[in-house]
Amino acid sequence: MDFLNILNDPQQKAVQHIDGPAMIIAGAGSGKTRVLTFKIAYLIYKGIDPFNILSLTFTNKAAKEMKERIAKAVGEQQAKNLWMGTFHSVFAKILRIEHEKVGFPSNFTIYDTDDAKSLIKAILKDLNLDPKVYKPSLVYNRISSAKNNLISADAYADNTNIISDDNQSQKPYIHKIYKLYQNRLFRAGAMDFDDLLFKMNELLRDDPEILLKYQNKFRYVLVDEFQDTNYSQFTILKRLAARHENITVVGDDAQSIYAFRGANIQNILNFKNTYPDTQIFKLEQNYRSTKNIVNAANSIIKQNKEQLKKTVWTANDEGEKIKVFRTNSDQEEGMSIANEIFRVENEQHLGFDSFAILYRTNAQSRALEEALRKSDIPYRIYGGLSFYQRKEIKDLLGYFRLTLNPNDEEALKRIINYPARGIGKTTLDKFILTASQHNVGLWKVIENPLAFKVQITGGTLNKLNAFRDLIYAFSKIIENENAYDAGQKIAASSGILKELYSDKSAEGLARYENVQELLSGLKEFSEDQKEQGLPAKLPDFMNDVALLTDQDQTDDEEQPKVTLMTVHAAKGLEFPYVFIAGLEENLFPSQLSVNSRADLEEERRLFYVALTRSEKKAYISYALTRFRWGNLIYCEPSRFIEEIDETFLDYPFVEKQTSNFSDFIRSQTKSQPTKKKTAFTPPRNLKKVSSTNAVSFEGSPSSEIVAGAEVEHVRFGKGKVLQVEGVDPNKKATVFFNGVGQKQLLLKFAKLKVL
DNA sequence: TAATGTAGAGTTTTT
DNA sequence: CTCTACATTA
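Residues numbered from 1 in each chain as written. Chains lettered and ligands numbered in written order. Predicted model: local features only at pLDDT ≥ 70, side-chain atom pairs only at ≥ 80, totals over all residues. Heavy atoms only, no water.

A. Summary view of the overall build of chain A. Along the backbone of chain A there are 33 helices and 24 strands. Buried residues in chain A amount to 53% of all 755 residues. Within chain A, residue pairs in contact and separated by at least 24 positions form 74% of the contacts whose partners lie at least 6 positions apart. Total accessible area computed for chain A in this model is approximately 34200 Å², and 49% of it derives from carbon and sulfur atoms. (Helix = DSSP H or I, 4+ residues; strand = E, 2+ residues; numbered from the N terminus. Buried < 20%, exposed > 50% of the residue type's maximum accessible area, 1.4 Å probe, protein only. Contact = heavy atoms within 4.5 Å. Areas by Shrake-Rupley, 256 points an atom, 1.4 Å probe, with all protein chains shown as cover.)

Next comes the structure, spelled out in structure tokens:
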């Protein structure tokens, strides 16, 4: 095994371990993917049949990349037979194979979160419950977390703790919604994300034959990103591995950032309790980042109480210190970053894809995007509304879904009257009611409304029959044509293409293009599958389209671009230069996390993940003001900045002034009208970048701000004071800004200059 | 039943 | 602010 030579000692040992439980604790940048890849290659090299290896990853993209790497090591033929994918996609596949035992059609639909919430809304209506009290997203989360803990609808209703919780929060009927929700899913031949795991658990629990079959099939189980698995997932693993106990988990407790969706960090912290024979391998050498970055990240993470002991170190260069930017506004923050990217790129010529801007929330991308656009820096934003969540895409997929599974209620509701064909809400409501009364699928009623004595007019019946026949026709098309041709035909004869084409607005054009993009995706799929000798029908495409995310899309990038994404989305990636924006209290850490120690620790891990993405240099920035929901709010620097050992920071402000940030801010804002402040003028490293915007913008004394005065604001530009009210510390001015409109500003914060 | 207008809510992260 | 969902009107 030549290739072992390029690994370090603990990496080699981890790779060469074959039988029995193993846990690989992989620090950030320690070559985790490489070890996992080599380990699988090594197993195959040692004669283990790839058919017997199951490897679970966090994203489909990760699985695909790993498979390609393994193919290079052991050859295409061998690699092809590996089972690799996300928990959801692998188990969806198995559930389709074993669908008879599960009691679902093999082409069951997978409801995404939007479908699920929409269904919950429909149930609320049936139960006459107020959607403001029973917020669909809240109910969904409650059900989801129950499922992730393997609590069925019946168990939920019987659990006195849960019920008293719900009673306490004035939502006593959640158990009822849960039960009905499962009923409706069943009738629609649909599962939500959590069901995929839940039903897999049930299957393995209740059917010894199936259990044995998959235990013997997956003699070797490997799990990546184990720190982000939930109880349901771990339970599946335990069941599968119970016979041979060849289970290898790889992860980093310091990078566990998905507790909000049920991930249980205890899975990794207590893995050895479950398998006392576990061999533990620690990968502690970081190959990615400079000493400064590694040490700064260590100084952050050590503040967390709950963690496995390890010491991440690097032999790399010292590198530059982490630079801190402070700006007056979120816009300026964007400009500072854009200017710095421009400067570094001019100097180093690494290409714009060497830069990433990371942030806590998607909403922050706007100001950053604007700044990059102004500076003519190419960029690509990841996340936000995903491609597959767009209305036009869901509409077309709705036709595909309904044709493949006519009981798919959410798909039906979505398209039965889109494009408009005269079947309105009233009619649809009648059908849904009738279906519920007879406890049959919606499609049964649609096919033959008279059999169920639904009161409809002859005209409606005709329209309905036309729709029914349309779907029948699509069904034939899907049977006979490949995915692309079928998709094309359905898009055309459903009227969707025409509908979108007739909309000449910019948004309409974009929607049309999106649909075209989906169709070309189908084309690519059809050709790829054919090439590999695999089936290329529409159902094959639809099988896990609900499990795809934007990250799985192949981007045919023509030019290098700066990456903009949330910290979560950046997990597993690396960039030479990383900017972490919006390091402010109530933003990062998020407002919702600051009250609980566990949540705050997760935010801190998130920051750790962000910082450890960088190879050469990291920047962190915060703004003193920021727009949120159209309102200007005032921000304080994040506690995380203080938590970094200052020897790793290039942060000129703290040295001169007090280290207490709130005092610092207060002193600035209070003394604002008078004397010149040394500390508040932009520090040297900022001068250059902020000079394009407002250079050390000085406000006038509040006594000069009177009604009728012409003033200038650092952000809104020129305007006229309409009214001033209140007394000095809390004096408030109403100002009309040209082109911006009327704003109310507190003078102690807002800097207004009288012209 | 379709189209238009208005009110209300939302920003934590995603399979 | 911006988007969506609902209600009202034609």
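Now that the structure has been shown, we can carry on.
B. Up close: the packing of helix H20 (residues 391-404) against helix H24 (residues 458-480). H24 packs onto H20 with a crossing angle of 85 degrees between their chain directions and a minimal axis gap of 9 Å. As judged from the angle between their axes, H20 and H24 are roughly perpendicular. Across the interface between the two elements, Tyr399, Leu402, Thr403 and Leu404 from H20 touch Phe467, Leu470, Ile471, Phe474, Ser475 and Ile478 from H24. Across the contact of H20 with H24, the residue classes tally to eight nonpolar, two polar and no charged. (Axes fitted to C-alpha atoms, helices over the stretch in contact; angles between N-to-C directions. Parallel < 35°, antiparallel > 145°, perpendicular 65-115°, else oblique. Nonpolar A, V, L, I, M, F, W, Y, C, P; charged D, E, K, R; others polar.)

C. Looking closely at the pattern of salt bridges. Tallied over the entire structure, the rule returns 40 salt bridges. Glutamate 225 is paired through a salt bridge with lysine 571; the nearest N and O atoms lie 3.5 Å apart. Of the two residues, glutamate 225 is situated in the loop between strand E6 (220-223) and helix H14 (231-241) and lysine 571 in the loop between strand E14 (562-566) and strand E15 (575-580); the sequence distance between them amounts to 346 residues. Side by side, glutamate 225 and lysine 571 carry an identical accessibility label, which is buried. If you follow the salt bridges from partner to partner, you end up with Lys32, Asp224, Glu225, Asp228 and Lys571 in one network. (Salt bridge = Lys/Arg side-chain N within 4 Å of Asp/Glu carboxyl O.)

D. Quick peek at the packing of aromatic side chains. Across all of its chains, the model carries 24 aromatic pairs by this definition. Relative to phenylalanine 271, the ring of phenylalanine 226 lies with its centre 5.4 Å away and its plane at 80 degrees, an arrangement referred to as edge-to-face. One end of the pair, phenylalanine 226, is in the loop between E6 and H14; the other, phenylalanine 271, is in helix H16 (residues 271-274), and 45 residues separate them in sequence. In this structure phenylalanine 271 comes out as buried when scored by relative accessible area, which is 0%. With a centroid separation of 5.2 Å and 45 degrees between ring planes, the pair formed by phenylalanine 271 and tyrosine 275 is classed as tilted. Judged on exposure class, the residue phenylalanine 271 and its partner tyrosine 275 are both buried. Among the aromatic side chains, those forming a connected cluster through ring pairs are Phe226, Phe234, Phe271 and Tyr275. The side chain of lysine 238 reaches across the aromatic face of phenylalanine 234, ending 4.5 Å from its centre. (Phe/Tyr/Trp six-rings, centres within 6.5 Å; stacked < 30°, edge-to-face > 60°. Lys NZ or Arg CZ within 6 Å of the ring centre and 35° of its normal.)

E. Focus on the environment of valine 711. Structurally, the position occupied by valine 711 is in strand E20 (residues 710-713). For valine 711, a relative accessible area of 0% puts it in the buried group. For the pair formed by valine 711 and valine 721, sequence separation is ten residues and the distance between their alpha carbons is 7.1 Å.

F. Region of the structure containing empty space enclosed by the protein. Applying the stated criterion to the full structure yields four cavities of 30 Å³ or more. If you add up the space inside the second largest cavity, you get close to 40 Å³. Residue lining of the second largest cavity: Arg187, Ala188, Asn407, Glu409, Ile432, Ala435, Gly441 and Leu442, and that is the complete set. Its residues assigned to classes, the lining of the second largest cavity comprises four nonpolar, two polar and two charged. (1 Å grid on protein atoms, 1.4 Å probe; cavity = no way out; pocket = protein on both sides within 12 Å on 5 of 7 lines; lining within 4 Å. Points joined across faces, edges and corners; volume = space filled by probe spheres on them.)

G. Broad picture of the side chain of arginine 626. One can find arginine 626 in strand E17 (residues 625-628). By relative accessible area, arginine 626 is classed as buried at 7%. Side-chain polar atoms of arginine 626 contact the side chain of glutamate 333, separated by 3.1 Å. In this structure the side chain of arginine 626 is engaged in a polar contact, spanning 2.7 Å, whose partner is the side chain of glutamate 584. Aside from chain neighbours lying at most four places away, what touches arginine 626 is Asp330, Glu333, Gln364, Gly582, Glu584, Leu587, Asn631, Leu632, Ile633 and Cys635. (Polar contact = N/O pair within 3.5 Å; in protein donor to acceptor, adjacent residues only side chain to side chain.)

H. Local environment of the pairing of E17. Inspection of the sheet shows E17 paired to strand E18 (residues 631-634) by four bridges, in the antiparallel sense. Considered in E18, the bridge of arginine 628 is made with asparagine 631. Hairpin connection of E17 to E18: two residues between the antiparallel strands, including tryptophan 629 at a positive phi of 50 degrees. (Pairing = 2+ DSSP bridges.)

I. Looking closely at the sheet that holds strand E7 (residues 247-251). On the basis of which strands lie adjacent, the open sheet formed by six strands has the order E3-E2-E6-E7-E1-E8 and parallel pairing. Of all the strands in the sheet, the pair left with one neighbour each is strand E3 (83-86) and strand E8 (279-283). Across the sheet, the mean angle separating the axes of adjacent strands is 15 degrees when strand polarity is ignored. Here three bridges tie E6 to E7, and the two strands are oriented parallel to one another. Residue pairing for E7: valine 221 is matched across the bridge by isoleucine 247. Set on the sheet, helix H2 (residues 32-45) makes contact with strand E1 (22-26), strand E2 (53-57), E3, E6, E7 and E8; between it and E6 the angle comes to about 170 degrees.

J. Summary view of the nonpolar core. Grouped together as the largest cluster of nonpolar side chains are 48 residues, with contacts concentrated most on Leu412 and Phe467. Aside from chain neighbours lying at most four places away, what touches phenylalanine 467 is Leu402, Leu412, Ile415, Ile416, Arg421, Ile423 and Trp443. (Core = buried A, V, L, I, M, F, W, Y, C linked by side-chain atoms within 4.5 Å.)

K. Highlighting the side chain of threonine 37. With respect to the helices and strands, threonine 37 occurs in helix H2. Setting aside its immediate chain neighbours within four residues, threonine 37 contacts Met66, Arg69 and Ile70.

L. Main features of the environment of phenylalanine 607. Mapping phenylalanine 607 onto the fold places it in helix H29 (residues 597-611). Phenylalanine 607 sits in the buried class, given a relative accessible area of 0%. Remark: the alpha-carbon pair of phenylalanine 607 and histidine 568, spanning 39 residues in sequence, is separated by 9.8 Å. Once residues within four sequence positions are removed from consideration, phenylalanine 607 is found in contact with Ile300, Ile580, Leu583, Phe588, Ile620, Phe640 and Ile644.

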